[in-house]
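Tertiary structure, described
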Amino acid sequence: MFSKVVAFYILASAAVSAVPVQLSRRAPSFAEIDISRLGGDGTQAEANAAEVCPSTLSPAELDDIRQVAEAAEKNVFNTALKAASDTDAKAAIQCQKDRNKVLKNHCQLVKAQIQNDAAQIAENTKQLNKNRGDVTTRCANVDASLFIGDGAANGGNAGNNGNAGNNNGNAGNNNDNAGNNNGNTGGNTGAVTFADIDISRKGGDGAAASNNAKAVCPSTLSPDQLEAIRGVAEDAESAIFNAAIAAAANKAAKDAIQCQKDRNKVLKNTCQLVKAQLQNDQAQIDENTKQIAKNTADVTSRCAKADTSLFILPDGAAAGGDGGAADSGADNGADAGGSDDGADDGADDEGDDDQDDGANNNAGGAVTFADIDISRKAGDGTAASINAKAVCPSSLSPNQLEAIRRVAEDAESEIFNAAIATAADKTAKAAIQCQKDRNKVLKNTCQLVKAQLENDQAQIDENTKQIAKNTADVTKRCTNVDTSKFVSSTGAANLVSSKAVTAKAVSAKAISFASIDISRRAGNGAQAEANAAQICPASLSAGQLEAIRNVAEAAEKDHFNPAIAAASDKATKAAIQCQKDRNKVLKNHCQLVKAQKQKDQAQIAENTKQLTKNRNDVTSRCGNVNTARFIAP
């Protein structure tokens, strides 16, 4: 997954580290991928699985996750079913097993689509149809308090031979990432350059710097990978920032570079903290936590008014960028040589968003067609739709979605139309037409999601109509095409968006309510929770989930409550109450996912109870409201 994190962070810079570092992949723990305790029917289970296994992962990564899920099925759920003392407990664990099967088979399906394995696609599609039905039937009325939790979390990692790791079934083991990293299959290799990991020019305060650092050093990396990144950041501190501060021509330049140095310290210490957490090194955890508190405070105080035009690139050239604050001095000596190697605090680093749904680009980057191409991914119209949603999830901003749509549209005219016109024979033309149809699914899906975010009903209706036609065309035209005649997206490498596309679902900037608002999205309570699951997937960290929950809670108090009180008539009040209820689904869902990550059973029970009420309120109150009375963020 490391390749997914850094691939789009590349600026043009020489490596700071002198020695190339071998970067291996760590198979996830079951706790990191577990969807068995997340609520919802079969459709929701597959949506959860799509968050864990998006099409942006490599086949090897997808297979790692599938193996962990399969190991949990055999070593956790089957064992627990046999040991269940009564019918209710057995029913609850069977529900969990069924949801885990959705995950297992979805991951294998996505891998098969990437590899164009038609037989495997057919088999997994058949299995998933059954799994979804089983979840919907068996999970409807189970007692969630009987779900197994911590025992499942120790279900084991896939090792070299694909077998599960140690499963002792005991509760209370907080070191979910324990185990050796030799269980990784395959792996990505390469030298880490400072350009790959640089967060110094990304805007925001200390909290934003911490989020950026966690994106570069998530807990899914191995200790060796984390140490390699930390070493590069430390080298940059002495070789780049200290030297530049010493040579700065004036106070403004010194303050700007000091801001960069402080952000880089957040990164350096965050990487070491995550490593310490993986290794259960409490002394190092305490030290890094202390250092990061100081680093983030320094960023907040020093970067607020920094002149970003005076920022330096890794090679020392001046560069503009998003900035932060500078305080009256540069670095004070206390920081220069202290033991300041750390990483981020334990509660917030679990499950960092290492797997982006959508085009992954850091601020200032551009989307290329090669980044988003779904035209060569196998499957029918439904599969194409799933692939398109993975590239254009609702967590992206309207500008990001429009940038991706534009690249897909350019590819249609400049690649596919041109290739069809020059195709040597009917077989080649049919193959490229299939690719064009899949690309149309992507183009219109991105525009549809944008329209949904902007509550543009006319555009929603138009794109929904177009996608129905596009997916039907894919199913009809792509069934027996000769994939050897497909055109490559490498020829499209220069097709880029004219607007830069910012990075993640939870970006370096402060989260705005507009970016997470689900209150104006149509549907009943179940749909509201599905929307909330897209905003707060299990792949986010506890800190990210809490940040989104706080924004939703603030909107409830500062936005919806005053609007309801000021509503001039019953219809308006009812409409805004519907919005408030959907927002409550989001707030409580995010807190539930956080509680599940932290294994806080009391909070899980409380949020599950609240969500049941919230979903029912949405279903009963939003059925006939006048959406024209909805209020915007």
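Here the structure is a predicted model, which means the values were calculated and not measured.

1. A word on the overall build of the protein chain
Assigned secondary structure in the protein chain consists of 24 helices and two strands. Among the 633 residues that make up the protein chain, the fraction classed as buried is 54%. Within the protein chain, counting contacts between residues at least 6 apart in sequence, those at least 24 apart form 79% of the total. About 25000 Å² of surface is accessible on the protein chain, with carbon and sulfur atoms providing 48% of the total.

2. What to know about the confidence of the model for the protein chain
Of all residues in the protein chain, 77% attain a pLDDT of 70 or more, and the chain-wide mean is 75. Segment residues 1-25 is flagged for pLDDT under 50; beyond a separation of four residues in sequence, or across chains, it makes 81 contacts in the model. The low-confidence segment residues 315-365 (pLDDT under 50) makes 208 contacts with residues lying over four places distant or belonging to another chain.

3. Digging into the packing of helix α3 (residues 42-52) against helix α6 (residues 118-138)
Across the interface, α3 lies against α6 with an axial gap of 7 Å and an inter-helix angle of 120°. Comparing their axes, α6 and α3 come out oblique. Where α3 approaches α6, its residues Gly42, Thr43, Ala45 and Glu46 are matched on the opposing element by Leu128, Arg132, Val135 and Thr136. By residue class, the composition of the contact of α3 with α6 is three nonpolar, three polar and two charged.

4. Considering unusual backbone geometry
Despite not being glycine, asparagine 116 shows a phi value in the positive range, around 60°. By secondary structure assignment, the location of asparagine 116 is in the loop between α5 (87-115) and α6. Overall, asparagine 116 belongs to the partly exposed group, its relative accessible area being 32%. The phi torsion at lysine 599 lies on the positive side, around 55°, for a residue other than glycine. Mapped onto the elements, lysine 599 comes out in the loop between α23 (570-598) and α24 (601-621).

5. Things to note about the state of the cysteines
Enumeration over the complete set of coordinates arrives at eight disulfides. The residue that forms a disulfide with cysteine 434 is cysteine 478, at a sulfur-sulfur distance of 2.1 Å. Here cysteine 434 and cysteine 478 share a disulfide; its torsion about the S-S bond, 115°, makes the bridge right-handed. Here cysteine 434 is found in helix α18 (residues 426-454), whereas its partner cysteine 478 is found in the loop between α19 (457-477) and α20 (513-516), with 44 residues between them in sequence. For cysteine 478, a relative accessible area of 10% puts it in the buried group. In this model, cysteine 536 is linked to cysteine 590 through a disulfide, with the two sulfur atoms separated by 2.0 Å.

6. Things to note about α6
With 21 residues, α6 extends 30 Å between its outermost C-alpha atoms, agreeing within 8% with the 30 Å of an ideal straight helix rising 1.5 Å per residue. Those residues of α6 that fall on the buried side of the exposure criterion are Ile121, Asn124, Leu128, Asn131, Asp134 and Val135. Taken around the axis of α6, the buried residues stretch over an arc of 150°, which confines them to a single face. Away from its buried face, by an angle of more than 90 degrees, α6 presents the exposed residues Ala118, Ala119, Lys126 and Thr137. Considering only its buried residues, α6 is in contact with α3 and α5.

7. Side note on the environment of alanine 388
Among the structural elements, alanine 388 can be located in helix α16 (residues 381-391). By relative accessible area, alanine 388 is classed as buried at 0%. Note: C-alpha distance between alanine 388 and leucine 442 (54 residues apart in sequence) is 4.7 Å. In this structure, alanine 388 is in contact with Ile374, Val441, Leu442 and Thr445, ignoring residues within four places of it in sequence.

8. Re α18
Counted at 1.5 Å a residue, the expected span for α18 with its 29 residues is 42 Å, and the 42 Å between its end C-alpha atoms agrees. N-capping of α18 is provided by aspartate 425, with a side-chain oxygen placed 3.1 Å from the backbone N of threonine 427. Remark: asparagine 455 follows α18 within two positions and exhibits a positive phi of approximately 60°.

9. Considering the pattern of salt bridges
Under the definition given, this model contains 37 salt bridges. Between aspartate 569 and arginine 629 there is a salt bridge, with its nearest N and O atoms 2.8 Å apart. You can see aspartate 569 sitting in the loop between α22 (542-566) and α23 and its partner arginine 629 sitting in the segment after α24, a full 60 residues away along the chain. On the basis of relative accessibility, which here comes to 29%, the residue aspartate 569 falls in the partly exposed class. Residues joined by salt bridges that share partners form a network here, namely Glu402, Arg405, Arg406, Glu409 and Lys450.

Rules used throughout
Residues numbered from 1 in each chain as written. Predicted model: local features only at pLDDT ≥ 70, side-chain atom pairs only at ≥ 80, totals over all residues. Heavy atoms only, no water. Helix = DSSP H or I, 4+ residues; strand = E, 2+ residues; numbered from the N terminus. Buried < 20%, exposed > 50% of the residue type's maximum accessible area, 1.4 Å probe, protein only. Contact = heavy atoms within 4.5 Å. Areas by Shrake-Rupley, 256 points an atom, 1.4 Å probe, with all protein chains shown as cover. pLDDT = per-residue confidence, 0-100. Axes fitted to C-alpha atoms, helices over the stretch in contact; angles between N-to-C directions. Parallel < 35°, antiparallel > 145°, perpendicular 65-115°, else oblique. Nonpolar A, V, L, I, M, F, W, Y, C, P; charged D, E, K, R; others polar. Disulfide = S-S within 2.5 Å. Expected span 1.5 Å × (residues − 1). Arc of directions from axis to C-beta. Polar contact = N/O pair within 3.5 Å; in protein donor to acceptor, adjacent residues only side chain to side chain. Salt bridge = Lys/Arg side-chain N within 4 Å of Asp/Glu carboxyl O.

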